[in-house]
Every structure is written in C-alpha cells, then in structure tokens.
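The chain contents come next:
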Amino acid sequence: MKRIVVLGSTGSIGKSSLEVVRGNADLFQIVGLSGHRNMELLKQQIKEFHPKYVTVGYWEAYQELKTIFPEIQFFYGEQGLEELASVEDYDILLTAVSGAVGIRATVKGIEKEKRIALANKETMVAAGSYINDLLKRYPKAEIIPIDSEHSAIFQSLQGNDKKEVKRLIITASGGAFRGKTRIELEKVGVQDALKHPNWSMGKKITVDSATLVNKGLEIIEAHELFGIDYDKIDTILHPQSIIHSMVEYQDNSIIAQMGVTDMKLPIQYAFTYPRRVSNSVLESLDFLKYGQMSFEKIDTQVFQGIDLARKAGNMGGTMPIVLNAANEIAVDFFLKEKIRFLEIYEVIQAAMEQFPREEIQSLEHILAKDHEVREWVKTWEKLL
C-alpha cells in the first residue's frame, strides 16, 4: 500500500491521479490533498478519500473546512504546501501545482527522501541544477516524471546505459495551430488556442501547446532530468499523439513509448515504478482505430518557443527562470485578451534581453529571480 500526497488535487493532473487511486484502492491510499480555489471539489475529495492532511489555498476556505472536518490537520497557503510535503507518513509526493510555488514543496519532499511524482515543470526548468544537487545529498529520494513526454523517455531508458544514448526525440501534437503561418496566427484568439486536438488540459498548458513553448520547456526539463546534452535532444511533430517520445541509441535502434492520450498512464507508472500493474481506468491503444501515424518537421520560424528555450537552456544559470516566468505572465495576459497570440513570444524575448544571466546561488535566489521577472513583465500591463 503506497501512501500518497497530492499537491493540486483539484486540477487536471490531480483529478486524474485520484482516478488512478480510485481504480486501485488496494494499492494506494491518499493521506494528503491540497486545493486552491475549487473548494466544492476539494470537499468532495475529502469526503471520498479521508485524507489525514489538507492544504487550502485561501483563508476563508481554510477556516470553513477546519470547522467541517475537525479530524483533519489543515495547512494554509504556500507555506502550507511546504508543511504538507514535510510530514513523515507518506511514500509518494505528487506535485501537480502550477508555478514556482511547487518548487519549495518538492524540495521538502526530497529532503524527506520521498518519491516525487513530478508534474510541476518549474521544478526542473527553473531549479533543475539545484534539484539535481539536492538529489545527490538525499540519495534515497527520487524523481519520476509524470509529463507524458518525459515519462515516455524515462520508460524508454529502462534497462539501458545513458552513455549509449544517441538522442532523445520529443514528440509534439502541434497544438491548436499546427501548420498555421505567422499571418494566420495574427488573427487567432483565446478560444482558438484552447481547442487542443488531442489532450484535455488546463488553459495555461493548452496555450503553451499552441505556442510550442511547452516543447521548449520540455527540452530544458529533459536535459535536467536525464543529463542529456541539448544538441542530443530533438523535437518532431506527431499529430496523432500515439508515440509520446522516443530514445535513439548509438546502434540507431529507437525505442518508443506509446499509449492513448490520457495522463492516467504516466501517473500510475510513477506510482508503481518499477512494477507495472493492471490499469482499470484506462483503455488500451487500438492501432486500427487510428489507422496511421505521421510525422512532420516543426517550423521554428513561426513557432519560436522552441528556439527561445534552447537559447535559455544553453545559456543556463538564471535564463530558464526568466523564460519560464515571462511566459507564464504573457500567457495570462493572452488569456485575459490583453495581448495577441504572437506577442507572447515578444514578451519572452524582451524579458530575456532585460535580465542578464546569473549563476544560481540558492533556492532563495531562484525564487527571487522568478518573482523579479514576473513583476517586470507585469509592468507591460501599464503600456497595453
């Protein structure tokens, strides 16, 4: 019986993780949950899974839930995420909260030498070198990626020597705007960007998929997770999203991981690794249903997120922090219809020009730089 803490249980990944637990009640037990705004859903989750600990995102709900569930130990706010990750009696910490707030909680989980089922991109994009150094200090801790592409790479590396890897191949669906020209993208709106052809995800990551900034962030994340040089990490369009990513070895053999477009598969694997167990909440992949698989080259002149991320990754230090923080605020601006779609790239470029590279000194340095970049980008709002 694996005891699990889910940070971000009311979000897309969090809800999928609870489906996995629900379908394997003999294997998993929920001991901790955290929710931010969707308190009605959090109440339902508490009633169903009976966690011992809960973190609540805002004060009024914290006070209310403490009264309704007096048997539960409640924590509050960002500090509460750290406190929840710091309890002793769990095995796996699933970090599905978005933004830099997930980094401190992940650090606490590593220091407690827990398994981190990682769905928070910022952890490895903004703080990858710091996290890798921390994992060396706490060798019993481990990170198992949940992001479908990195889970696919992780699975395709099993049983092989990383020294024999020729390249990683990260696949991309192309998002809502695959094949569009820059002229066409000048006219697109928020609802257009949110029409992802394959995946059901939150608004922010769906826009990231449309800009392909998500693929850029995944390149940085893959570099940090697997220790593979940037020049050995490629991306390719695969519209059907059947192959979630691939690893090519020195003998030119390619190992791919395939499955239906459902996050419950990588979530369950992160929970059960190195075992594989029956998955009662996920359908099998029917190849005849899809008929064919196709691949295309990514037009990085149109979708500039990949090249921006490669530049930030190769520069290292604080530049991935700048890229990630600027993108988050830019996407928020776009979702609020304050900027146009292509201006997301302009915001990122401006931030990368504004903030020179610095060597990372500490976790506090990482979080301070993240905050500084976000605040600077927010000044754009005064100009809009």
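Residue positions are counted from 1 within each chain, in the order its sequence is given. At least 70 in pLDDT is required for a residue's local features to be given in this predicted model, at least 80 for side-chain atom pairs to be given and counted, and no such filter applies to totals for whole chains, interfaces and linings, which use all residues. Computation of side-chain values covers all heavy atoms of the structure but excludes hydrogens and water.

J.: Which residues make up the sheet that holds strand 9 (residues 233-237), and what are the values?
T.: Here, any two strands with at least 2 DSSP bridges between them count as paired. The numbering of helices and of strands both runs from the N terminus, where a helix is a DSSP run of H or I of at least 4 residues and a strand a run of E of at least 2. The strand order 9-8-10-11 describes an open sheet built from 4 strands, whose pairing is mixed. On the outer flanks of this sheet lie strand 9 and strand 11 (254-258), each paired with one strand and no other. When the angles between neighbouring strand axes are averaged without regard to direction, this sheet yields 20°. Here strand 8 (residues 165-172) runs beside strand 10 (residues 243-249); their pairing, made up of 5 bridges, is antiparallel. By the bridge assignment, Arg167 is partnered in strand 10 with Glu248. Set on the sheet, helix 7 (residues 148-157) makes contact with strand 8, strand 10 and strand 11; between it and strand 10 the angle comes to about 40°. All axes here are fitted lines through C-alpha atoms, helices being fitted over the stretch that makes contact, and every angle between N-to-C directions spans 0 to 180 degrees. We call two residues contacting when some pair of their heavy atoms lies within 4.5 Å.

J.: If you had to explain helix 4 (residues 77-85) to someone new, which residues and values would you point to?
T.: Of all the residues in helix 4, the buried ones are Gly77, Gly80, Leu81, Glu82, Leu84 and Ala85. If you follow the buried residues of helix 4, they end up packed against strand 1 (2-7), strand 2 (28-35), strand 3 (53-56), strand 4 (73-76), strand 5 (92-95) and helix 5 (101-111). Under the scheme applied here, a residue whose accessible area is under 20% of the maximum for its type counts as buried, over 50% as exposed, and between as partly exposed, the area being computed with a 1.4 Å probe on protein chains only.

J.: Describe the packing of helix 11 (residues 213-226) against helix 14 (residues 305-315), listing the residues and the values that go with them.
T.: Axes are the key here: two packed helices are described by the angle between their axes and the distance separating the axes. Interaxial distance between helix 11 and helix 14 falls to 7 Å at its minimum, and their mutual angle equals 25°. It follows from the interaxial angle that helix 11 and helix 14 lie roughly parallel. Pair helix 11 / helix 14 crosses with right-handed handedness. Contacts between helix 11 and helix 14 involve Val213, Lys215, Gly216, Leu217, Ile219 and Ile220 from the first element and Gly305, Ile306, Ala309, Arg310 and Gly313 from the second. The nonpolar class holds Ala, Val, Leu, Ile, Met, Phe, Trp, Tyr, Cys and Pro. Asp, Glu, Lys and Arg form the charged class, and all remaining residues, Gly among them, are polar. Looking at the contact of helix 11 with helix 14, its residues break down into 6 nonpolar, 3 polar and 2 charged. In these notes the angle categories are as follows: under 35 degrees is roughly parallel, over 145 is roughly antiparallel, 65 to 115 is roughly perpendicular, and the rest is oblique. Each helix crossing is assigned a hand: it is left-handed if the near helix lies turned anticlockwise from the far helix by less than a right angle, otherwise right-handed if that turn is clockwise.

J.: Break down the domain arrangement of the protein chain for me, citing the residues and quoting the values.
T.: Domain boundaries shown here were taken from an automatic or database domain assignment. Here the domain parsing of the protein chain yields domain 1 (2-145), domain 2 (148-262 + 283-315) and domain 3 (319-383). Computed over C-alpha atoms only, the centres of domain 2 and domain 3 are separated by 23 Å. Across the contact, 28 residues belong to domain 2 and 19 residues belong to domain 3. Once two parts are joined, some of their accessible surface, as seen by a 1.4 Å probe, is lost; buried area is that loss totalled over both. The contact between domain 2 and domain 3 buries some 2000 Å² in all, and 77% of this surface belongs to carbon and sulfur atoms. It is Val190, Leu308 and Met315 in domain 2 that bury the most area against domain 3; as a group they hold 29% of the surface buried on that side. We count a salt bridge whenever a side-chain nitrogen from Lys or Arg sits within 4 Å of a carboxyl oxygen from Asp or Glu. Along the contact surface separating domain 2 from domain 3 lie 0 salt bridges. Polar contact is defined as a pair of N or O atoms within 3.5 Å, subject to the rule that within protein one atom must be able to donate a hydrogen and the other to accept it, and that residues adjacent in sequence are counted only when both atoms are side-chain atoms. Our enumeration of links across domain 2 and domain 3 arrives at 3 residue pairs in polar contact (both at pLDDT 80 or more). Within the side of domain 2 that touches domain 3, the residues separate by chemical class into 17 nonpolar, 5 polar and 6 charged.

J.: An account of the sheet that holds strand 1 is requested, with residue identities and associated values reported.
T.: Ordered by their spatial adjacency, 7 strands build an open sheet running 4-3-2-1-5-6-7, and the pairing between neighbours is parallel. Of all the strands in the sheet, the pair left with one neighbour each is strand 4 and strand 7 (142-145). On average, each strand axis in the sheet is inclined to that of its neighbour by 20°, with strand direction left out of account. Inspection of the sheet shows strand 5 paired to strand 6 (residues 115-118) by 4 bridges, in the parallel sense. Note on strand 6: the bridge partner recorded for Leu93 is Ile116. Running at roughly 150° to strand 7, helix 6 (residues 121-137) makes contact with strand 6 and strand 7 of the sheet.

J.: Could you give an account of the UniProt feature "domain: 1-deoxy-D-xylulose 5-phosphate reductoisomerase N-terminal" (unreviewed entry) in the protein chain, with specific residues and numbers?
T.: Listed under "domain: 1-deoxy-D-xylulose 5-phosphate reductoisomerase N-terminal" (unreviewed entry) in the UniProt record, and renumbered for this structure, are residues 4-128. Across residues 4-128, helical content stands at 49% and strand content at 22%; the span's end C-alpha atoms are separated by 24 Å. UniProt positions are given in the numbering used here, feature names are shortened, and annotations may be inferred rather than shown by experiment.

J.: Any details on the packing of helix 2 (residues 39-49) against helix 3 (residues 59-68)? Residues and values, ideally.
T.: Two elements in contact, helix 2 and helix 3, have axes separated by 12 Å at closest approach and are oriented at 25°. By the angle between their axes, helix 2 is roughly parallel relative to helix 3. Crossing handedness for the pair helix 2 and helix 3: right-handed. The residues of helix 3 that touch helix 2, namely those facing Met39, Leu42, Lys43 and Ile46, are Ala61, Glu64, Leu65 and Ile68. Residue classes in the contact of helix 2 with helix 3 are distributed as 6 nonpolar, no polar and 2 charged.

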